[in-house]
Every structure is written in C-alpha cells, then in structure tokens.
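# Summary of the model geometry
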Amino acid sequence: MNSSSAECKHAKLNQWVKEMAETCGPKDIHWCDGSKAEYDRLMKEMVASGATLPLAKRPNCFHFRSDPSDVARVEDRTFISYPEEIEAGPTNNWMHPDQLKATMRDLYKDCMKGRTMYIIPFSMGPIGGPLSKIGIEITDSPYVVCNMHTMTRVSTKVLEVLGADGEYIPCMHSVGAPLEPGQKDVPWPCAPIEQKYISHFPEENLIWSYGSGYGGNALLGKKCLALRIASAMARREGWMAEHMLILRLTSPEGRQFHITGAFPSACGKTNLAMIQPTIPGWKAECIGDDIAWLKIGPDGRLYAINPEAGFFGVAPGTAYDTNPMAMESIKENCIFTNCAVTDDSDVWWEGMGPAPAHAIDWKNKDWTPQSETPAAHPNARFTAPAAQCPMISSDWEKPEGVPIDIFIFGGRRGSVVPLVYEALNWDHGVFLGSTAASETTAANIGAVGNLRRDPFAMLPFCGYNMGDYFQHWFEMGDRLGDKAPKIFYVNWFRKSPEGKFMWPGFGENSRVLKWMCERVAGKAGAADTAIGKLPKPEDMDTGGLNLDPATLKELLTVKPADWKAELPDMEAHFAKFGDRLPPRLAKQLDELKKRLG
Ligand code: OXD
Ligand code: MN
C-alpha cells in the first residue's frame, strides 16, 4: 500500500477496502491522491502497455479505443435493487439485493487478479460544500482513475473532510477481466455483455459495477452516484438530482437569468450549455452540461450546483461551427475515446470538419472517406476539464450554487412538438416533464431513432419508482410556491416534410432563451393554446434571423389533431405507473384532453 492509506483514519472505509481486496484479489492496492504526478504516471504506463496513444497535435491528450462491445451505457444491464420490486418501479430493471449481490460476489471473486486496485476518494461538488457528496470508487481500471481525475474532484483532502466517521458513497467497480500469471493484457479489458452489471442499492447508498470500462458504466461518480443514488437521496432529504445542464444568461441591462435544461442523452445539452448567443448584447456562461443538484436556499429559491468537474461530451457533431466553446475546451489535457486518429496524430470525428484523406478508425482499421462505416463511433467521447471552457462561469464552483429561474425540458422530435412553449403553471410543467419524449440516440446500446417517453430525461437515471419521482416534483413545487422557476418545453429538431431541420438551432436558440427570460421578467407576450403558452412570431426576437416567416409560423403552430394522436401513448405511459401515478398528473392529462376538445 502507498502512503495515503496511512492517512485514512476512517475505520469503516478501511474495513470496506480490506474486504473488497480480499474478495477481488488484486496484485496491489493504490490509494489515489488526485495529483498531476499520479495522472501522468498512469498515462505513461498505459502508453507503454498500448492501452492509449498520446496525440502529438494536442498537448497532454490521449486517445483510447474501447473493446467494440463496450461503447455505451448498458441500460438493459443496469439494475435498481430494492427488496420490493415496486420501489424500483416500472421503468427500471430490478433484482432482489440478495440475489444480485450473490451473483455479483461470485463475479468479483478474484476478478482483479494480476491488476492494481485503485481507491479513489472523490467529491461531487466542491470539496466540503453544503450540497456536495463524497464518494469512494474502488476500481481496477487506470483509465477510470484518469477520467475520474477530470470528471470529479479527486484529492486526499476528501479523506480529510471524511475524517474518522464521515459519510461516503461506496462505488465498487471492476472491468471483470482477471489476468492469469504471464497472460498479456488487452488494450481495453472488459467482460462479455451478459456478465456486465451496473447495480445500485439506493437504500444503502451503494453502487456495484462489473464488466464494463465505459463512461457511464464505470465512472461511478456520474450517472450512478450523481443521478441514480443521488435522486433517491434527494427524495429522502428534500432536494433534487437532475439530468440537467446549467447556464447563466445575462441581458444587455445586466440582469442574470439561470437556466437548467433536461434533455435526453445526445440531444444537444452540451451545445446548449455552451451556447454563443446570436442576439446582440446577451451573454452566456456555462455552469454545467449534464447534471444539476438543486436545493431550496434560505431565501426560498431553488439553487443549483454542477456536481461534476469535467465534460464527458459526445464527440461526433462537435465542431467550431456547432460548438466552438467545446472545441476550445478540448485542445489540451483531454481524454478521447473511440474517435478516429489522423496520420498527423490528431483526433477526428464525423461532423468535425473536412475528413482526412486517411485515418485509423475507432476499431483500429484503416479508414478513408470512401469507407462505408463511420471513422468515429457515434458515441465517441471527450473528457475535458470544465475549467478549460472559455465561457465557464466565474461562479461555476460556488458551493451554494446559483438561483434557478427557468427549467427547460425537451427532446428530439421530427414532428408534432413546436419550437417552444411555456407551462401554464408548476403542475402543468411537471406534466410536460413527465411526458417528455425523444427519438433514441447512440448514447445507449440499442436501436437508434425510435420514439420513447423519457420523463425529465431521467428514464435511465432515476434511482426509485418514477411515479414517486413525479410526486417529489409536485412536493418541491409546493414548497417553492411563487418562487418556483418557470417551466418551458423546447424542440430544436422539428423537420420539414422534405426531412430538413426547420429551425437553425445552435446560437440561434438564444432567441428562444431570450423569450423565456423576458417571460420571467414579465416583458414578452404569449398566446394561450391547448398545450401551453406559445410565443406569437412577433414575441420572439427575429432580427437578423434568416428564416422564412412561414417556417417560423409553422414552428410555432399547435395542431390539435396531432396532439390528439399523442394521447393514447401518453395514457399508456401513465398506466404503467399504476397507483404510484400522482393523481395530479392524471388530472393534467384530463385537462389537456378537454383543452384539445
Ligand atoms: C451522458 C449520457 O454520458 O447521458 O451524459 O449518456
Ligand atoms: Mn447525460
């Protein structure tokens, strides 16, 4: 053991590490300190072993290729485990804790043979902050350690804050690939899909992950802790853990508006979090791009922090014209996964700019623009320190967070859903969040392009019965009263009958955000419709926008017949929750039906 273990005075933590080491049988144990020296040493070792490639074009950047079977979150292998199935609810995979633990204990037995066991003390949120939580991840993956350095706050200070008996969330991880003596390691060790388990025991605040080295399955501070376990803690403790970006917009008059937005994976959250407004005088600052923890402050308003310290962004489609701030954030000190590597030792992906004449694709094969398969995997990722984003807010690490004015929900819908509308009130806003739907993307293993209801973009991330989660939203609204943020729904992805996007999106989305801010300020108009309040074309700032007025009108039109056609699917969606569906939601659906006539 190295020196830091001697610094750990926490008997329960030391005992847990000892037990896991006995079970997993690693060749040695390393307590991480989060230092640059540690990061550099691990990267050096991974370069030497062939697990990663340094990129000559980007200082201190490394490219990893995953096993082709281990490229995304595995929702089918993700479990929310309570003694009673009803507590996991209809949207989660469930297994009894005894059965799941027995199965996983067998898998963990000697699973770290030939590998180092790393102990990662990390904080989600600024270390010691009032909304922050401490996690300890045990892993046998140095790739995970380096990513955790960027995505969370890894430090020996975490152990100091923990002291002898502080509360922490144990996060157990193994790639599930023991090495026999003399066996040569592969660049990306992992277990076959049927042996992968991403398990959560919310009643114990406990995470057990096995078999995958990939992002959301393995960097346990992110989806597992900051969303699934945290959502269950938040319900018990009266706060919220949400799959939301956090953005600050400042008007030309200097008024600040704080916006959070929940969108399903790979629907443009990172782009919106780093928006460059096209309307003069409006300034945007990024606070977070994926997760928000929200708590009611002493003044009765809702305050949000970004619990993460980095961006784990989808690379394909990221370019100087779509997200210049992300491009500026990934120039150095980044980890890339499943991109293509060019002959001059840079990364490339579809949508980044002109294709290189030749590259090595994410599967380590020669690639040219004539190739039939993409050079980068559609879920290729960059891991970048948030502090490197040129538009990161000076308040992004404020321990008490920023006061939220606006919640946005949305998804990817080619039809039916207009560009933007405002909820009639909090209950109606909860209804909008609970019925949010989107066409599926490559962020999960499975079919792409099918419509699925993804309530609050939390479908894969809610750590308890989602019917109770809806109820928690109502209760938060009741507590917030007239200090509750306003709720909006957006759809940037509407398509024309010819299949072209009707709205230009990206920086032009600032026009929609400006309308929302002006609604909060009581300055902009709106028209009542059956689905909510929509801007009339003249309510939106369209100065300098190159968009045919008929297209704008179409984007802001509600067709009752289209919405009536949605009702059976909404009813079926709600029916799944049985008696855990809050009556207030059933009432909202009835009222929508009545309004549609
Ligand atoms: C993510 C996701 O990685 O939502 O953020 O899949
Ligand atoms: Mn996400």
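Placed above this text is the structure.
Residues numbered from 1 in each chain as written. Chains lettered and ligands numbered in written order. Predicted model: local features only at pLDDT ≥ 70, side-chain atom pairs only at ≥ 80, totals over all residues. Heavy atoms only, no water.

## Digging into the overall build of the protein
The number of helices and strands found in the protein is 17 helices and 31 strands. Relative to a compact globule of 597 residues, whose C-alpha radius of gyration would be 25 Å, the protein shows 24 Å and is just as compact. Along the first, second and third principal axes, the C-alpha atoms of the protein reach 70 × 55 × 45 Å. Within the span of the protein, comprising 597 residues, buried residues form 62% of the whole. Relative to all contacts within the protein whose residues are 6 or more apart in sequence, the contacts with residues 24 or more apart total 73%. When the accessible surface of the protein is split by element, carbon and sulfur atoms take 52% of a total near 21,900 Å². Placing the 64 positive and 74 negative side-chain charges of the protein at their respective mean positions leaves the two points 2 Å apart. (Helix = DSSP H or I, 4+ residues; strand = E, 2+ residues; numbered from the N terminus. Rg over C-alpha atoms; globule rule 2.2 N^0.38 Å. Buried < 20%, exposed > 50% of the residue type's maximum accessible area, 1.4 Å probe, protein only. Contact = heavy atoms within 4.5 Å. Areas by Shrake-Rupley, 256 points an atom, 1.4 Å probe, with all protein chains shown as cover. Lys, Arg positive; Asp, Glu negative; His and termini not counted. Charge placed at Lys NZ, Arg CZ, Asp CG, Glu CD.)

## Focus on the pairing of strand E8 (residues 169-174)
Most of E8 sits out of view: six of its six residues are buried. Residues Ile169, Cys171 and His173 line one face of E8 and the alternating positions Pro170, Met172 and Ser174 line the opposite face, and both faces are buried. As paired strands, strand E6 (residues 133-139) and E8 are joined by four bridges and run parallel to one another. Bridge pairing in E8 places isoleucine 138 opposite methionine 172. (Pairing = 2+ DSSP bridges.)

## Observations regarding the site of ligand 1
By nearness alone, ten residues border ligand 1, and Arg73, Lys223, Ser265, Asp290 and Arg381 come closest of all. Within the side chain of lysine 223, a nitrogen or oxygen atom sits 3.0 Å from an oxygen atom of ligand 1. Contact with the protein chains covers 94% of the free accessible surface of ligand 1, which is 210 Å². Here the residues of the shell around ligand 1 sort into three nonpolar, two polar and five charged. (Near = heavy atom within 4 Å. Polar contact = N/O pair within 3.5 Å; in protein donor to acceptor, adjacent residues only side chain to side chain. Nonpolar A, V, L, I, M, F, W, Y, C, P; charged D, E, K, R; others polar.)

## Some words on the packing of aromatic side chains
On inspection of all chains with the given rule, the structure shows 29 aromatic pairs. Ring centres of phenylalanine 257 and tryptophan 282 lie 6.3 Å apart, and the angle between their planes is 25 degrees; on these two criteria the pair is classed as stacked. Residue phenylalanine 257 is found in strand E13 (residues 256-262), and its partner tryptophan 282 is found in the loop between helix H10 (269-273) and strand E14 (283-288); the two are separated by 25 residues along the sequence. Connected via pairs of aromatic rings, a cluster forms that spans Phe407, Phe409, Trp426, Phe456, Tyr464, Tyr469, Phe470, Trp473 and Phe577. (Phe/Tyr/Trp six-rings, centres within 6.5 Å; stacked < 30°, edge-to-face > 60°.)

## Focus: the coordination of the manganese ion (ligand 2)
Each protein donor to the manganese ion (ligand 2) is listed here as Lys223 (NZ), His243 (NE2) and Asp290 (OD); together their distances run 2.2 Å. Owing to a relative accessible area of 9%, aspartate 290 belongs among the buried residues under this scheme. (Donors = N, O, S within 2.8 Å, 3.2 Å for Na, K, Ca; no water.)

## Focus: the nonpolar core
When a protein is soluble and globular, its nonpolar side chains tend to lie buried together. Counting 167 residues, the largest nonpolar core has Trp293, Phe336, Trp349, Trp473, Trp503 and Met516 as the members making the most contacts within it. With nine residues, helix H9 (residues 221-237) is the single largest residue contributor to this core. Setting aside its immediate chain neighbours within four residues, tryptophan 349 contacts Ala315, Pro316, Gly317, Thr318, Met327, Ile330, Phe336, Cys339 and Ala376. The next biggest cluster of nonpolar side chains, apart from the first, holds 33 residues, and it includes Cys8, Val17, Cys24 and Ala191. (Core = buried A, V, L, I, M, F, W, Y, C linked by side-chain atoms within 4.5 Å.)

## Overview of the pattern of salt bridges
Inspection of the entire model under this criterion finds 43 salt bridges. Measuring nitrogen to oxygen at the nearest pair gives 2.9 Å for the salt bridge that ties aspartate 290 to lysine 222. You can see aspartate 290 sitting in the loop between E14 and strand E15 (292-296) and its partner lysine 222 sitting in helix H9, a full 68 residues away along the chain. Residue classification places lysine 222 among the buried positions, given a relative accessible area of 5%. Members of the salt-bridge network, linked through shared partners, are Lys222, Lys223, Lys269, Asp290 and Glu308. (Salt bridge = Lys/Arg side-chain N within 4 Å of Asp/Glu carboxyl O.)

## Digging into the pairing of E14
Counting buried residues in E14 gives five out of six residues, a clear majority hidden from the surface. Across five bridges, strand E12 (residues 244-250) lies against E14 in antiparallel orientation. From the neighbouring strand, threonine 250 faces E14, where its bridge partner is lysine 283.

## Quick notes on the sheet that holds strand E20 (residues 347-348)
Read from one edge of the open sheet, four strands run E20-E19-E21-E22, paired in antiparallel fashion. Across the chains shown, the open sheet's two edge strands, defined by having one partner strand only, are E20 and strand E22 (366-367). When strand E19 (residues 340-342) meets E20, the two strands line up antiparallel, connected through two bridges. Within E20, the residue paired with valine 341 across the bridge is valine 347.

## Regarding the side chain of threonine 116
Structurally, threonine 116 can be placed in strand E5 (residues 116-124). A polar atom in the side chain of threonine 116 sits 3.4 Å from the side chain of lysine 27. For threonine 116, the side chain forms a polar contact with the side chain of aspartate 28, separated by 2.6 Å. With residues near it in sequence (within four places) discarded, threonine 116 still touches Pro26, Lys27, Asp28, His30, Thr139 and Asp140.

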